[in-house]
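Chain by chain, the residues run as shown.
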Amino acid sequence: MHNVVISGTGLYTPANSISNDELVASFNAYVQQFNADHAEAIELGEVEALSESNSAFIEKASGIKSRFVIDKQGILDPQRMVPFIPERNNEQWGILCEMSVAAAKEALARAGKSAADIDGVIVACSNLQRAYPAVAIEVQAALGIQGFGFDMNVACSSATFGIQAAANSIQLGQARAILMVNPEICTGHLNFRDRDSHFIFGDAATAVILERADLAISKHQFDVVGTKLLTQFSNNIRNNFGFLNRAAEESAQTSRDKLFVQEGRKVFKEVCPMVAELIAAHLQENGLNVADVKRFWLHQANLNMNQLIARKLLGRDPEAHEAPVILDTYANTSSAGSVIALHKHQDDLPAGSLGVLSSFGAGYSIGSVILRKH
């Protein structure tokens with residue numbers, strides 16, 4: 001059995017950003033036009049009038065102030081409200097591959113590794129652009145990596161589940177090092193006409209290099225102390241888009257449930273205690289105390305959720321450096337969120353510091369990864 005370290009992380013951030021004010025202006029223009037077009041039906045009670053959104057509501061409800069996106073123009077067009085991402089031919093690298101490669105190159109550089117040092121690629125994300133061939137194999141080809149690759153999806157917990165899968169392979173000697181990437185185009189599955197969720201998501205890609213500790217040369221190493229995963233079935237976060245939609249004549253491809261839908265209040269109430277309990281149990285199983293943890297890199301879905309989870313664990317309000325936040329500028333980037341927090345908030349930790357990388361999302365799915373800084 002080999003000891004495993006995370007030796008490098010990488011981040012790809014799209015060039016475009018949308019502020020709350022910009023998003024609200026687009027949404028409200030759509031609402032005004034809808035209400036005008038259906039004025040008579042609304043007056044008769046046959047159609048429910050839509051309500052406008054506002055930036056103060058968004059920030060209070062989520063902590064989000066802006067989000068990076070692959071395409072800005074299509075999202076902000078009140079007549080479209082969908083990102084414009086042209087289809088590529090089969091001879092071109094796909095957009096998820098392109099994002100993954102950008103993040104992977106930074107992770108490889110921080111790890112001091114080249115493609116020749118990597119034996120496997122895992123693409124772990126919420127939304128894959130096709131069924132096959134696996135995006136991971138495409139990334140493998142684009143980077144010139146020899147070995148194997150596969151895709152996996154556990155929604156917002158894909159990264160932590162991917163880390164465990166990679167760590168297991170390395171521990172068992174099946175690979176020297178594995179590249180685990182999380183390309184997330186969350187705006188592609190977001191209903192920008194839904195007031196309750198139109199502000200939630202942004203786009204980004206992250207990458208993590210995991211490798212045998214005895215082969216690592218990086219100055220950015222974290223020992224993988226342990227991993228713990230949990231799933232529990234729930235319909236409170238769901239997306240019913242899939243290849244069988246076309247086989248169901250009663251199902252419209254454009255119906256609301258073919259995009260992201262959630263029961264936000266139920267998710268908040270049910271998931272927060274589950275996450276805190278899992279992390280606490282995981283630390284206890286490894287003979288560690290919550291007080292020993294210097295940093296919690298939590299899934300970046302909602303500021304109120306993160307603060308509540310940290311408060312349950314610490315018994316007090318967390319200080320900013322204890323549970324760093326990136327969702328104010330990135331919004332919810334699904335599986336990439338906790339890794340973005342790790343990537344941006346790790347270099348200041350002294351050697352020996354303990355940290356917990358944790359995810360939670362649809363499934364429900366929860367992951368905990370305990371790390372120790374070299």
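Here is what the cut-offs are and how they apply
Residues numbered from 1 in each chain as written. Predicted model: local features only at pLDDT ≥ 70, side-chain atom pairs only at ≥ 80, totals over all residues. Heavy atoms only, no water. Salt bridge = Lys/Arg side-chain N within 4 Å of Asp/Glu carboxyl O. Helix = DSSP H or I, 4+ residues; strand = E, 2+ residues; numbered from the N terminus. Buried < 20%, exposed > 50% of the residue type's maximum accessible area, 1.4 Å probe, protein only. Pairing = 2+ DSSP bridges. Axes fitted to C-alpha atoms, helices over the stretch in contact; angles between N-to-C directions. Contact = heavy atoms within 4.5 Å. UniProt positions renumbered as here; feature names shortened; annotations may be inferred. Polar contact = N/O pair within 3.5 Å; in protein donor to acceptor, adjacent residues only side chain to side chain. Expected span 1.5 Å × (residues − 1). Bend = angle between axes of the 7 residues up to and from the residue. Phe/Tyr/Trp six-rings, centres within 6.5 Å; stacked < 30°, edge-to-face > 60°.

Further remarks concern the pattern of salt bridges. All chains considered together, the criterion is met by 14 salt bridges. Residue arginine 88 is joined to glutamate 98 by a salt bridge in which the shortest nitrogen-to-oxygen separation is 3.1 Å. With arginine 88 in the loop between helix H4 (73-76) and helix H5 (95-111) and glutamate 98 in helix H5, the pair connects residues that are ten residues apart, well separated along the chain. The class for glutamate 98 is partly exposed, based on a relative accessible area of 46%. One salt bridge connects arginine 316 with glutamate 322, and the closest N-O pair in it is separated by 2.7 Å.

Now for the sheet that holds strand S11 (residues 293-298). Sheets are built from strands paired through backbone hydrogen bonds, the pairs being either parallel or antiparallel. Strand order in the open sheet made by the nine strands is S5-S4-S6-S7-S1-S8-S13-S12-S11, with mixed pairing throughout. Strands at the two margins of the open sheet, each flanked by one partner only, are strand S5 (148-152) and S11. The mean angle between the axes of side-by-side strands here comes to 25°, regardless of whether they run parallel or antiparallel. Bridge count for strand S1 (residues 4-12) against strand S7 (residues 203-212) is eight bridges, and the pairing is antiparallel. The residue bridging valine 5 from the neighbouring strand is glutamate 211, located in S7. Contacts from helix H9 (residues 303-314) reach S11 and strand S12 (354-361) within the one sheet, and its direction differs from that of S11 by about 150°. Sitting on the sheet, helix H11 (residues 336-344) is in contact with S1, strand S6 (177-185), S7, strand S8 (222-231), S11, S12 and strand S13 (365-373), with an inclination near 100° to S1.

As a further point, take the UniProt feature "domain: Beta-ketoacyl-[acyl-carrier-protein] synthase III C-terminal" (unreviewed entry) in the protein chain. Mapped onto the present numbering, the UniProt feature "domain: Beta-ketoacyl-[acyl-carrier-protein] synthase III C-terminal" (unreviewed entry) falls at residues 283-372. Secondary structure over residues 283-372 splits into 31% helix and 24% strand, and the C-alpha atoms at its two ends are 12 Å apart.

Another point: the side chain of glutamine 221. With respect to the helices and strands, glutamine 221 occurs in the loop between S7 and S8. Judged by relative accessible area, glutamine 221 falls into the buried class, the value being 7%. A distance of 2.9 Å separates a polar atom in the side chain of glutamine 221 from the backbone oxygen of serine 218. If near-sequence neighbours (up to four positions away) are discounted, glutamine 221 is found in contact with Val5, Ile6, Ser7, Ala216, Arg372, Lys373 and His374.

Our focus in this paragraph is helix H8 (residues 264-285). Along an α-helix, a turn takes 3.6 residues, which lines up residues three or four apart on a common side. Taking 1.5 Å per residue, 22 residues should reach 32 Å; H8 reaches 31 Å between its end C-alpha atoms and fits that length. Valine 271 marks where H8 bends most, by close to 25°; the proline proline 273 follows one to four residues later. Turning to H8, its buried residues are Val267, Val271, Cys272, Met274, Val275, Ala276, Leu278, Ile279, His282 and Leu283. Within two residues after H8, glycine 287 carries a phi angle of roughly 65°, on the positive side.

A few words on the environment of leucine 11. Inspection of the secondary structure assignment puts leucine 11 in strand S1. Overall, the relative accessible area of 14% leaves leucine 11 in the buried class. As for leucine 11 and alanine 102, which are separated by 91 residues in sequence, their C-alpha atoms are 7.5 Å apart. Other than its neighbours up to four places away in sequence, leucine 11 contacts Ala103, Glu106, Ala205, Thr206, Tyr330, Ile340, His343 and Lys344.

Glancing now at the packing of aromatic side chains. What the rule picks out here adds up to seven aromatic pairs. Ring plane angle 45° and centroid distance 6.2 Å describe the contact between tyrosine 30 and phenylalanine 34, whose orientation is recorded as tilted. Taken together, the residues span about one helical turn, with tyrosine 30 and phenylalanine 34 both in helix H1 (residues 20-37) at a distance of four residues. Owing to a relative accessible area of 16%, tyrosine 30 belongs among the buried residues under this scheme. Between phenylalanine 57 and phenylalanine 199, the aromatic rings sit 5.9 Å apart at their centres with planes inclined by 85°, giving edge-to-face as the arrangement.

Here we come to unusual backbone geometry. Most of the time, phi is negative for any residue but glycine, and the peptide bond is trans. For the bond from tyrosine 132 to proline 133, the omega torsion is 0°, close enough to zero to count as cis. A cis amide bond links glycine 363 to the next residue, tyrosine 364, at an omega of -5°. Mapping tyrosine 364 onto the fold places it in the loop between S12 and S13. One non-glycine residue, alanine 331, lies in the positive phi region at around 60°. The exposure class of alanine 331 is buried, given its relative accessible area of 0%. Despite not being glycine, serine 334 has its phi angle at roughly 55°, a positive value. With respect to the helices and strands, serine 334 occurs in the loop between helix H10 (327-330) and H11. Note on serine 334: relative accessible area 2%, which makes it buried.

The next point concerns the pairing of S12. Of all the eight residues making up S12, eight are buried; the element is thus mostly covered by neighbouring parts of the structure. The side-chain alternation of S12 yields two buried faces, one formed by Leu354, Val356, Ser358 and Phe360 and the other by Gly355, Leu357, Ser359 and Gly361. The sheet contact formed by S11 and S12 spans five bridges and is parallel. In the strand pairing of S12, valine 293 is matched with leucine 354. With eight bridges connecting them, S12 and S13 associate as antiparallel partners. From the neighbouring strand, phenylalanine 360 faces S13, where its bridge partner is isoleucine 366. Connecting S12 to the next strand, S13, in antiparallel fashion are three residues, including glycine 363 with a positive phi near 140°.

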